Amino acid sequence: MLWSGSRARMTMLFIGFGGVVALVWMRLGAPDVALAEAAVGAALTGALILRAQGSVPSPLPERSLPWIIRGLVAGLSVAVFSALAWALISLDWQVRPGLEGAVEARLPESGVTNPVTAVLLNFRGYDTLLEVAVLLIATAAVWCLGRSPETPRLPPGDPLYLALLRPLIPLLCIVAGYLLWLGAFAPGGAFQAGAVLSGALLLLLVAGLPRAPGQMDTLRLRVTIAAGLLVFVVVAAATAMSQSTLLQYPPGLAKHLILVIEAALTLSVAFTFLVLFQGGRPAPPDGRA
Amino acid sequence: MNWTEILATALFAAGCFFFVGGAAGLLRFPDVYTRLHAFTKADNLGLGLIALGAATLADNAWVGLKVLLIWLVVMLTSATCGYLLADQAHTSDLEKPK
């Protein structure tokens, strides 16, 4: 009991820590990273951990560790901290030319004005392509592990919760679309928008509604999850054939192609997190267990 | 420091006061229900004051409205979360009101 209490506390600390890290990124002038950290790192990963905590049996009560182990752990922490602090102090803080200059110079060709989006979806688009593939593989791996366990639900028809969802779900959809559109010229983009959208989906899922999204293993769900990678690969293949380089967008079309890819990615990311939260393959549509 | 900044700083300070009050309640009150009460009430007010302060510092009206919209959404969610937590604690016999 004590241990399960401390496990819940660890999860809460993790989520709180994610919020603090997001603030630190904001303070360091990296709003893109801050948004991603808050939406994906703190909120969605926190939800996944909370979900996993419910389905993994609580381990045996923890024995208090002998003082020598605790002393070793404390010593190791202090040593790592001192090494990091020493590295930071001895670092040469002279500003070196990074890649900002190169990105700035080619930004007009990229079709977007937000340098982060330009790097993610144009200059180094193949990195993002492979990341999306990793997400899809992770989903496939989770589905291979078995059927999803019963999702924890609120008692159905809770009037106050449904009254919250009624204005909140449309608002979240608008915010997701806004973040997606904003990604072209300000911090935002597909992953953040997808995270917000999947937040809306999770809220619907735990409401215990009979037709919540993503509960049935339908072709539509599978296509939605794969859509981001499919669109990305199609665009990559088309550009490879017409421009002879992978993801070298034809001039003038870059903005449209990036927006199409990001829109598909948003949907895929949202539903990927939804099925990851469920922790397994959803039931087939005819209700067979 | 002009008058807008003074006003914003005063609002921030008042907001922080309510946050400290909420945190003290969370730490000091005896059971789930009183803690939730202290926390949700004080946080809504504290966040509201801080949002008002941020809105007075905003460059234009749209940014200010966005900040106030955030406050509105947080109020909706935190009120509902407080209710849900209390409801779960009540129905699961985790803790009876003292």
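Please read these numbers as outputs of a predicted model, since none were measured by experiment.

It is not clear to me how the overall build of chain A should be interpreted in this structure. Could you clarify?
Scanning chain A for helices and strands turns up 10 helices and zero strands. Counting from the amino terminus, helix and strand elements in chain A follow one another as α-α-α-α-α-α-α-α-α-α. Each of the three principal axes of chain A carries a C-alpha extent, and together these read 65 × 60 × 35 Å. For chain A, with 289 residues in total, the buried portion stands at 29%.

Even after reading the chapter, I still don't get the nonpolar core, so can you show me in this structure?
Among soluble globular proteins, nonpolar side chains are generally buried collectively. Counting residues in each nonpolar core, the largest one holds 50 residues, and the members touching the most others are Ala39, Val196, Leu197, Ile261, Ala270 and Leu274 of chain A. Looking at this core, the elements with two or more residues in it are helix H2 (31-55), helix H5 (115-123), helix H6 (125-144), helix H7 (159-182), helix H8 (190-206), helix H9 (219-243) and helix H10 (254-278) of chain A. Sort the elements by how many residues they give to this core and H10 of chain A lands first, with 14 residues. Not counting residues within four places of it along the chain, the set of residues in contact with Leu197 of chain A comprises Leu172, Cys173, Ala176, Thr266 and Ala270 of chain A. Leu11, Leu49, Ile50 and Ala54 of chain B belong to the second largest nonpolar core, which has six residues in total.

Hey, could you run me through the domain arrangement of chain A in this one?
Much of the literature gives interface size as the accessible area that the parts lose upon coming together. Residues and elements named next belong to chain A. You can read the domains of chain A as domain 1 (1-59) and domain 2 (114-289). Taking only C-alpha atoms, the centre of domain 1 and the centre of domain 2 are 20 Å apart. At the junction of the two partners, domain 1 supplies 13 residues and domain 2 supplies 16 residues. When its residues are assigned to classes, the side of domain 1 that touches domain 2 shows nine nonpolar, two polar and two charged.

What is the right way to read the environment of Ala138 of chain A from this model?
As for its position among the elements, Ala138 of chain A is in helix H6. Considering only alpha carbons, one finds Ala138 of chain A and Thr272 of chain A, 134 residues apart in sequence, at a separation of 9.0 Å.

Explain H2 of chain A here, please?
Residue pairs three or four apart in sequence face the same way in an α-helix, which turns once every 3.6 residues. Taking 1.5 Å as the rise per residue, H2 of chain A with 25 residues should run 36 Å; its terminal C-alpha atoms sit 34 Å apart, in good agreement. Residue Glu37 of chain A marks the point of greatest curvature in H2 of chain A, where the axis turns by about 35°.

Can you help me understand the packing of H9 of chain A against H10 of chain A in this one?
For any two helices packed against each other, the geometry is given by the interaxial angle and the distance between the axes. Residue and element names in this part refer to chain A. Closest axis-to-axis distance for the H9/H10 pair is 8 Å, and the angle between their directions is 150°. One element, H9, and the other, H10, form an angle in the roughly antiparallel class. Considering the relative orientation of H9 and H10, their crossing is left-handed. Contact residues: Leu221, Thr224, Ile225, Ala227, Gly228, Val231, Phe232 and Val235 in H9; Leu257, Val260, Ile261, Ala264, Leu265, Leu267, Ser268, Val269, Phe271, Thr272 and Val275 in H10. Within the contact of H9 with H10, the residues separate by chemical class into 15 nonpolar, four polar and no charged.

Whenever I open this one, the environment of Pro30 of chain B confuses me. Can you help?
Residues and elements named next belong to chain B. With respect to the helices and strands, Pro30 occurs in the loop between helix H1 (3-28) and helix H2 (32-57). Among the residues examined, Pro30 registers 9 C-beta atoms within 10 Å and is labelled exposed. In sequence terms Pro30 and Phe19 are 11 residues apart; their C-alpha atoms lie 19 Å from each other.

Teacher, can you tell me more about the confidence of the model for chain A here?
Detailed reading of predicted coordinates is not advised where the pLDDT is low. With 93% of its residues at a pLDDT of 70 or more, chain A shows a mean pLDDT of 82. Confidence, read as mean pLDDT per element, is least for helix H4 (residues 100-106) of chain A in chain A (75) and greatest for helix H3 (residues 67-90) of chain A (90).

Any chance you could explain the packing of H6 of chain A against H10 of chain A here in plain terms?
All names here are of chain A. Viewed as axis vectors pointing N to C, H6 and H10 meet at an angle of 30°, and their least axial separation amounts to 10 Å. Viewed along their axes, H6 and H10 adopt a mutual orientation that is roughly parallel. Regarding H6 and H10, the two cross each other, and that crossing is left-handed. Seen from H6, the contacting residues are Val132, Leu135, Thr139 and Val142; seen from H10, they are Leu265, Thr272, Val275 and Leu276. Here the contact of H6 with H10 is composed, by residue class, of six nonpolar, two polar and no charged.

Just checking my understanding: could you explain the confidence of the model for chain B for this structure?
Per-residue confidence for chain B averages 86 on the pLDDT scale, and 94% of its residues sit at or above 70. Per the prediction output, this complex has pTM 0.80; the corresponding ipTM is 0.78.

Which parts of the structure should I look at to understand the environment of Ala24 of chain B?
Residue and element names in this part refer to chain B. Inspection of the secondary structure puts Ala24 in helix H1. We classify Ala24 as exposed; it has 12 C-beta atoms within 10 Å. Spatially, the C-alpha atom of Ala24 lies 9.3 Å from that of Arg35, the residues being 11 residues apart in sequence.

Rules used throughout
Residues numbered from 1 in each chain as written. Chains lettered and ligands numbered in written order. Predicted model: local features only at pLDDT ≥ 70, side-chain atom pairs only at ≥ 80, totals over all residues. Helix = DSSP H or I, 4+ residues; strand = E, 2+ residues; numbered from the N terminus. Buried ≥ 20, exposed ≤ 12 C-beta atoms within 10 Å, placed from the backbone. Core = buried A, V, L, I, M, F, W, Y, C linked by C-beta atoms within 7 Å. Contact = placed C-beta atoms within 7 Å. Domains from an automatic or database assignment. Nonpolar A, V, L, I, M, F, W, Y, C, P; charged D, E, K, R; others polar. Expected span 1.5 Å × (residues − 1). Bend = angle between axes of the 7 residues up to and from the residue. Axes fitted to C-alpha atoms, helices over the stretch in contact; angles between N-to-C directions. Parallel < 35°, antiparallel > 145°, perpendicular 65-115°, else oblique. Left-handed = near helix turned anticlockwise from the far one by under 90°. pLDDT = per-residue confidence, 0-100.

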